[in-house]
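Residue-level structural notes
Spelled out from the first residue to the last, the chains are:
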Amino acid sequence: MLAFQGRARAQGLDPGTLQQPSGQSWPTYHGTYSGQHHSRLTQITPANVNQLTLAWAFETGQTAQVKSTPILVNGILYVTTPDNVWALDARSAHPLWHYTYPPNQGLHIGHRGVAMYKDYVYFTTPDAHLISLDARNGKVRWDIVIADVMKGYWTTVAPLVIRDHLLVGTSGDFDNLPGMLKSIDPETGDTQWTFYSTLPREAPEAFSGGATGGNMWITGTYDPQVNLFYVGTGNPTPVLAAGARPGDNPWTCSIVALNPDNGKLVWGFQPSPHDTHDWDAVEVPVLVDGKFKGTPRKMLLQASRNGYFFVLDRTSGKSLLTTPFAAVNWSAGVDQDGRPIPNPAKEPARDGRLIAPDEGGATNYRSPSFDAQTGLFIVSAQDSYGIYFSKPEHGEYGWAGADYGLFGKGTLRAIDYQTGKIRWTHDLGGGASGAGVLTTDSGLTFTGDSVGSVLALRTRDGTTLWHSRIGRVGNSPITYELDGRQYVLVASGGTLYAWALPDRPVAMERGRRSH
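Computed from a predicted model, the values in this text were never measured in an experiment. (Residues numbered from 1 in each chain as written. Predicted model: local features only at pLDDT ≥ 70, side-chain atom pairs only at ≥ 80, totals over all residues. Heavy atoms only, no water.)

Attention now moves to the sheet that holds strand E3 (residues 71–73). Taken in spatial order, the four strands make up an open sheet running E3-E4-E5-E6, and their pairing is antiparallel. This sheet does not close on itself; its edge strands, each paired only once, are E3 and strand E6 (95–100). Geometrically, the sheet is characterised by an average inter-axis angle of 20° between neighbouring strands, direction not taken into account. Summarising the sheet, E3 and strand E4 (residues 76–81) pair through three bridges and their orientation is antiparallel. (Pairing = 2+ DSSP bridges. Helix = DSSP H or I, 4+ residues; strand = E, 2+ residues; numbered from the N terminus. Axes fitted to C-alpha atoms, helices over the stretch in contact; angles between N-to-C directions.)

Structure, rendered in structure tokens:
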């Protein structure tokens, strides 16, 4: 216990280290600011991955599924479900502390994870509070309200720390609510600024054509060189009553670039102008530096819920490439700015319209991964169809209609980001998977399928090298190395699993060194 207490006391995280975290940590939701969900670790390889064994398993004891991506700082893991945070020893899963938030009226749909600044852990709650905990013991430092749960707001997002800014977004896309993202002082809990993706419909300065919505419920990414924060926004409301909100409805279903010091919009790009199908563009904006068709670029890549893959110049927001990566029948082409053109014939109607993708989208919240060695953007995708209905009697509020899924086929797709071409496809065995994707420098891709297995694939061609049937994976895998041993973590149901290569006997290690 003294050893565990010593580790718990040495948990401070310098925000400056977030720009180049080591392999012994996973200090943010995406692992790094880039959102690439890629690790440089190489101990587990295509040649030995078939030897993976279960190092430990931690059962939360909760009925809620673990959707969170754990973070790791100084040997301590922090994992969440709605209303709960655990601090675990990363070598053994021994619990150091457990914080439980009081019962509340918020929507308990899931939870993404926490952020850390110095000796403090930050946790959002279903009723739209932000809690600061002492990382050493789980005690509450402060508790602030981000948004009003009685109006329909809630939160699931893992915050992101940028220097002395703690960025946290809201959810609440069932009601006609403005989307917001706040910057909070991590020391005091004071609000530094608020960015609104839309404004109330009655506001004189409203700019979204009568639309509200555009909530930001997935953690964004950050480029320290240009000092821009990138985040996707959600669907407009009313969702299916498109006639009540003419025009493109900025900044719903958009990728926006903000100055993290003041919250000012620098540029915005809409993957789904005038969305009528609930296709949030909150999917991870992945940052990549390199040449694009021979020209050096700072790029932003997104596989969007609407079925299109985008490559943007992230300094300006200008389109470099737009191409479908899954079944799409809702657009009439792509405009000169790289945005899909909505086809009015595919808007929800009283007698129904057959739409691809369905409401769940061609992908969703699960994290993709980018492997620079192969140039592959790997995403858990779905070819799907649904029928959308509009219901004028519902008025101009909330969903204002209905949709019904007809068919869905889950696949893992490796996209060549230079061309948008699909390099390989891996059948996931059913509908959409709930698992994100992790790649490593050794040439491995980790994810989960649709029928209850965690998988390791060869990155260059998608060949299955290892699997274990643990149940449906519900989060994005992470990896880290401690004491010379690499671990891969995934969650299924209310259990977190850690996989590693078998420990070698000490005598064998000594014998090998003697030769």
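Aromatic rings considered in pairs are described by the distance between their centres and by the relative angle of their planes. Under the criterion given, the structure shown has 16 aromatic pairs. With a centroid separation of 5.3 Å and an interplanar angle of 55°, the aromatic rings of Phe309 and Phe377 are classed as tilted. You can see Phe309 sitting in strand E23 (residues 308–313) and its partner Phe377 sitting in strand E29 (residues 376–390), a full 68 residues away along the chain. For Phe309, a relative accessible area of 0% translates into the label buried. Judged by relative accessible area, which is 0%, Phe377 ranks as buried. Each ring, one from Trp466 and one from Trp499, has its centre 5.1 Å from the other, and the planes form 75°; the classification is edge-to-face. Of this pair, Trp466 sits in strand E35 (residues 464–469) while Trp499 sits in strand E38 (residues 495–500), and the two are 33 residues apart along the sequence. By way of ring pairs, the aromatic residues Phe269, Trp279, Tyr308, Phe310 and Trp330 are connected into one cluster. The ring of Tyr365 is capped by Arg112, whose NZ or CZ atom sits 4.6 Å from the centre of that ring. The ring centre of Tyr120 lies 3.5 Å from the NZ or CZ of Arg141, which sits over that ring. (Phe/Tyr/Trp six-rings, centres within 6.5 Å; stacked < 30°, edge-to-face > 60°. Buried < 20%, exposed > 50% of the residue type's maximum accessible area, 1.4 Å probe, protein only. Lys NZ or Arg CZ within 6 Å of the ring centre and 35° of its normal.)

So, on to the pattern of salt bridges. Within this structure, the stated rule accounts for 22 salt bridges. Where Lys298 meets Asp223, a salt bridge forms, and the shortest distance between an N and an O atom there is 3.0 Å. Highlighted residues: Lys298 in strand E22 (residues 295–303) and Asp223 in strand E16 (residues 221–223), separated in sequence by 75 residues. Pair check on accessibility: Lys298 and Asp223 agree, each one buried. Residue Asp313 is joined to Arg297 by a salt bridge in which the shortest nitrogen-to-oxygen separation is 3.0 Å. Of the two residues, Asp313 is situated in strand E23 and Arg297 in strand E22; the sequence distance between them amounts to 16 residues. On the basis of relative accessible area, Arg297 is assigned to the partly exposed category, the value being 30%. A single salt-bridge network, built from bridges that share partners, covers Asp223, Asp289, Lys298 and Arg314. (Salt bridge = Lys/Arg side-chain N within 4 Å of Asp/Glu carboxyl O.)

The pairing of strand E21 (residues 286–292) with E22 spans seven bridges and is classified as antiparallel. Bridge pairing in E22 links Leu287 to Leu300. Connecting the antiparallel pair E21 and E22 is a turn made up of two residues, with Lys293 showing a positive phi of about 55°. With five bridges joining them, E22 and E23 adopt antiparallel strand pairing. For Leu300, the partnering residue across the bridge sits in E23 and is Leu312.

If you look at the biggest cluster of nonpolar residues, it comprises 44 residues, and the most contacted ones within it are Tyr78, Tyr99, Met116, Leu130, Leu181 and Phe229. Ranked by the residues each element gives to this core, the list is headed by strand E8 (residues 120–124), at four residues. Trp86, Phe446, Trp499 and Leu501 belong to the second largest nonpolar core, which has 37 residues in total. (Core = buried A, V, L, I, M, F, W, Y, C linked by side-chain atoms within 4.5 Å.)

A few words now on the environment of Thr124. Within the secondary structure, Thr124 sits in strand E8. Judged by its relative accessible area of 0%, Thr124 is buried. Aside from chain neighbours lying at most four places away, what touches Thr124 is His111, His129, Leu130, Ile146, Thr155, Thr156, Val157, Pro159 and Val168. (Contact = heavy atoms within 4.5 Å.)

Time to look at the sheet that holds strand E32 (residues 438–440). Strand order in the open sheet formed by five strands is E1-E32-E33-E34-E35, and the pairing between neighbours is mixed. One side of each edge strand has no neighbouring strand; the edge strands of this open sheet are strand E1 (38–39) and E35. Pairing of E32 with strand E33 (residues 444–448) involves two bridges; the strand directions are antiparallel. From the neighbouring strand, Thr439 faces E33, where its bridge partner is Thr445.

This part takes up a nonpolar patch on the surface. A cluster of nonpolar side chains, Leu354, Tyr385, Leu406 and Phe407, forms an exposed patch at the surface whose accessible area comes to about 390 Å². Along the chain, the position of Leu406 falls in strand E30 (residues 401–416). Overall, the relative accessible area of 54% leaves Leu406 in the exposed class. (Patch = residues over 30% accessible without salt bridge, like charges linked within 9 Å, V, L, I, M, F, W, Y side chains within 5 Å. Areas by Shrake-Rupley, 256 points an atom, 1.4 Å probe, with all protein chains shown as cover.)

Here we come to unusual backbone geometry. Between Thr237 and the following residue, Pro238, the backbone shows a cis peptide bond with an omega angle of -5°. Position of Pro238 among the secondary structure elements: in the loop between strand E18 (236–237) and strand E19 (255–258). Note the cis peptide between Ala356 and Pro357, where omega equals 0°. Within the secondary structure, Pro357 is located in the loop between strand E27 (353–355) and strand E28 (369–371). Despite not being glycine, Asp83 has its phi angle at roughly 75°, a positive value.

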